[in-house]
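Each chain, letter by letter, is given below.
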Amino acid sequence: MTQPRFPNTFLWGAATAAYQIEGAVHEDGRGPSIWDTFSHTPGQTFNGDTGDIACDHYHRWRDDVALMRDLGLQAYRFSIAWPRILPEGTGAINQRGLDFYDRLVDELLAAQITPFVTLYHWDLPQALQDRGGWANRATVDAFVTYTEAVARRLGDRVKHWITHNEPWVVAFVGNLQGRHAPGLQDLRTALQVSHHLLLSHGLAVPVLRANSADAEVGITLDLSPIRPATDTPEDQRAAQLFDGGWNRWFLDPLFGRGYPADMLEFYGDLMPAVTTDDLATIAAPFDALGINYYRPTFASAVPLDENPLGYRSLSGPELAERGYEVTEMGWAVEAAALDELLQQVNREYAPKALYITENGASFPDQVVDGTIDDPRRLAYLHGHFQAAHQSIEAGVPLRGYFVWSLMDNFEWGLGYSKRFGIVHVDYQTQQRTPKSSALWYRQVIAANAVVDPE
Ligand code: IFM
């Protein structure tokens, strides 16, 4: 069957993040990050797993680029480890850290793979956390200095920049829920952090433009269509709070609307001081919005003394009861919700360009005779690619798609227990094996169309 093609300039890629794949945490002058500290704190990660070795990408980057080339990837999204560039967070720049990414970028370009660089994918230098982390406004300035150092070195060749990955997770999972580094549990801190993340984005935008001619600059948000779990007024209110605190909290200020009024009222005096200048800074025009999409979310009301956000999302078993296929993360599979989300964001905010900077699924994989057949991941991607195509047909300026993830890796608090890769990693031998989803993805890229799985 002939499948509808994607636009000729559409970019097919895969994504990773530094702490999740690099390992080599003590090499070439890298300083400790909050994830080193957190993962080495007993009880914080599944099985006590850490990113000390991870996928050993720091040593295997050349082979990994060759693998990407073999799969036909046209773009690769990776993040820079701030503690490799500024081991103390501020101060002296560590050239050996920059050298690593310099070589990686050259290798990618030689393989005709377009680099997309994320500056902050959660590995804050520990030295900055010791001084208050993202809750301290000085960290905003430190981020801008770090951004400048990276852009000066790579800006002649890297033309796609993402300031932050998923600021909601950084602020709220790290500082309210405590499931991620730095492991704090305080809503006031989380709100302060979210404001500083946005400010640092706004201040970094002109710095990237100044050091990287004609670059496309953006930010990546994890967005989810939020639905009330039931039609009770309580659950409808929970859905409003969920959507307001997760989606609109970041979209509205980035697109010049300031923080959503209903959420300001809800947070009340927990909100940090926000000046008009801050809001203007945050609203610096940017070129591309990255969306990480995994699932729709169902919001159920909970008392504020149980959760200060006033909601919880339905669990995997609850979603399964409603007939959803559920991933190993307990997330509902619903490809059509991606199209719904893209069209809604386009209608409401009209970004100049959009990328799906992450999409994928964790399912239990089995190695049989050295091969990994992963039909559920493949079907997941198939459905979501079709949904993305529908969005493009409907006029959404979607320019590219990055599968999460290129390879199995360190899934933060869940350690190595969850595999999102289209390439399997044997953590004992570090052998990489493309799963059947990766082999199928190669065909999709070659055809620039959602080819039917065999
Ligand atoms: O692994 C993470 C990634 O670092 C950020 N987005 C979600 C992924 C899967 O949980």
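Now for a description of the structure that goes with this document. (Residues numbered from 1 in each chain as written. Predicted model: local features only at pLDDT ≥ 70, side-chain atom pairs only at ≥ 80, totals over all residues. Heavy atoms only, no water.)

Concerning the packing of aromatic side chains
- Under the criterion given, the structure shown has 47 aromatic pairs.
- On the basis of an interplanar angle of 15 degrees and a centroid distance of 4.7 Å, the ring pair of W168 and W246 is categorised as stacked. Of this pair, W168 sits in helix α8 (residues 167–175) while W246 sits in helix α10 (residues 233–254), and the two are 78 residues apart along the sequence.
- Following the ring pairs from residue to residue traces out a cluster consisting of Y19, W35, F38, W122, F410, W412, Y416 and Y427. (Phe/Tyr/Trp six-rings, centres within 6.5 Å; stacked < 30°, edge-to-face > 60°. Helix = DSSP H or I, 4+ residues; strand = E, 2+ residues; numbered from the N terminus.)

Examining the layout of surface pockets
- Put simply, the largest pocket is a space of about 920 Å³.
- If you trace the largest pocket, you find 45 residues lining it, with V173, R179, R295, M329 and W331 closest to the centre.
- Elements supplying a minimum of two residues to the lining of the largest pocket: α8, α10, β8 (297–301), β9 (311–313) and α13 (316–321).
- Among the residues making up the lining of the largest pocket, the classes are represented as 22 nonpolar, 16 polar and seven charged.
- Lining the second largest pocket are 13 residues, and of these D243, N247, R248, L251 and Q344 lie nearest its centre.
- Those elements that place two or more of their residues in the lining of the second largest pocket are α10 and α14 (336–349).
- A per-element tally of the lining of the second largest pocket places α14 first, with five residues.
- By residue class, the composition of the lining of the second largest pocket is seven nonpolar, three polar and three charged. (1 Å grid on protein atoms, 1.4 Å probe; cavity = no way out; pocket = protein on both sides within 12 Å on 5 of 7 lines; lining within 4 Å. Points joined across faces, edges and corners; volume = space filled by probe spheres on them. Nonpolar A, V, L, I, M, F, W, Y, C, P; charged D, E, K, R; others polar.)

Description of the sheet that holds strand β6 (residues 226–228)
- Reading across the sheet, the three strands line up as β6-β8-β9 and stay open at both edges, with mixed pairing between neighbours. If you trace the sheet from one side to the other, it starts and ends with β6 and β9, each paired once. Neighbour to neighbour, the strand axes of the sheet diverge by 40 degrees on average, direction disregarded.
- Of the pairings in the sheet, the one linking β8 to β9 comprises three bridges and is antiparallel in character. (Pairing = 2+ DSSP bridges. Axes fitted to C-alpha atoms, helices over the stretch in contact; angles between N-to-C directions.)

Some words on the environment of G395
- With respect to the secondary-structure elements, G395 resides in the loop between α15 (375–393) and β13 (398–404).
- Spatially, the C-alpha atom of G395 lies 9.9 Å from that of R347, the residues being 48 residues apart in sequence.

Topic: the site of the ligand
- Surrounding the ligand, one finds Q20, H121, W122, N165, E166, Y294, W331, E358, W404, E411, W412 and F420.
- Take E358: an N or O atom from its side chain is 2.5 Å from a nitrogen atom of the ligand.
- Taken atom by atom, the bulk of the ligand overlaps the largest pocket.
- Across the shell around the ligand, the residue classes tally to six nonpolar, three polar and three charged. (Near = heavy atom within 4 Å. Polar contact = N/O pair within 3.5 Å; in protein donor to acceptor, adjacent residues only side chain to side chain. Sits in = over half its atoms within 2 Å of the grid points.)

Digging into the sheet that holds strand β2 (residues 75–79)
- Judged by pairing direction, the barrel is parallel, and its eight strands sit side by side in the order β1-β2-β3-β4-β5-β7-β10-β13 before closing back on the first. Pairs of neighbouring strands in the sheet enclose a mean axial angle of 25 degrees, with direction left out of account.
- Both strand β4 (residues 160–165) and strand β5 (residues 216–222) contribute to a ladder of four bridges, which runs parallel. Each bridged residue has a counterpart across the sheet, and for W161 the counterpart in β5 is V217.

Topic: the pattern of salt bridges
- A complete count under the given rule lists 27 salt bridges for this structure.
- R60 is the partner of D56 in a salt bridge, and the nearest nitrogen-oxygen pair spans 2.9 Å.
- Using a relative accessible area of 13% as the deciding quantity, one classes D56 as buried.
- D278 is paired through a salt bridge with R137; the nearest N and O atoms lie 3.2 Å apart. Residue D278 is found in helix α12 (residues 276–282), and its partner R137 is found in helix α7 (residues 137–154); the two are separated by 141 residues along the sequence.
- One continuous salt-bridge network, built from bridges that share partners, spans D99, D102, D106, R153, D156 and R157. (Salt bridge = Lys/Arg side-chain N within 4 Å of Asp/Glu carboxyl O. Buried < 20%, exposed > 50% of the residue type's maximum accessible area, 1.4 Å probe, protein only.)

Here's the deal with the packing of helix α5 (residues 95–110) against α7
- In the contact formed by α5 and α7, the axes pass within 10 Å of each other and the chain directions differ by 45 degrees. Classed by the angle they form, the pair α5 and α7 counts as oblique. Helix-helix and strand crossings are classified by hand; for α5 and α7 the assignment is right-handed. Along the contact surface, α5 presents Q95, L98, D99, Y101, D102 and V105, while α7 presents A149, V150, R153 and L154.
- For the contact of α5 with α7, a count of residues per class yields six nonpolar, one polar and three charged. (Parallel < 35°, antiparallel > 145°, perpendicular 65-115°, else oblique. Left-handed = near helix turned anticlockwise from the far one by under 90°. Contact = heavy atoms within 4.5 Å.)

Considerations on the environment of P296
- Take P296: it is sitting in the loop between β7 (288–292) and β8.
- In the structure, P296 is positioned 171 residues away from P125 in sequence and 33 Å away in space, judged by C-alpha atoms.
- Setting aside residues up to four positions removed in sequence, P296 forms contacts with S224, P225, R227, A332, E334 and A337.

Overview of the nonpolar core
- In terms of nonpolar packing, the biggest core is built from 151 residues, with W82, Y101, W161, F172 and F385 touching the most fellow members.
- Take this core: its biggest share by element is 10 residues, from helix α9 (residues 187–211).
- Leaving out residues up to four positions away in the same chain, W82 has contacts with G89, Y120, D123, L124, P125, L128, W134, T139, A142, F143 and Y146.
- Formed by six residues, the second largest nonpolar core is a distinct cluster that contains A229, L314, V326 and A332. (Core = buried A, V, L, I, M, F, W, Y, C linked by side-chain atoms within 4.5 Å.)

Considerations on empty space enclosed by the protein
- By the definition in use, this model includes three cavities of 30 Å³ or more.
- Residue lining of the largest cavity: 18 residues in total, with I34, V170, N175, A181 and P182 positioned closest to the centre.
- Those elements giving two or more residues to the lining of the largest cavity turn out to be α2 (34–39) and α8.
- Take the lining of the largest cavity: its biggest share by element is four residues, from α8.
- A class-by-class count of the residues in the lining of the largest cavity yields 12 nonpolar, six polar and no charged.
- When its volume is computed, the second largest cavity comes out at roughly 80 Å³.

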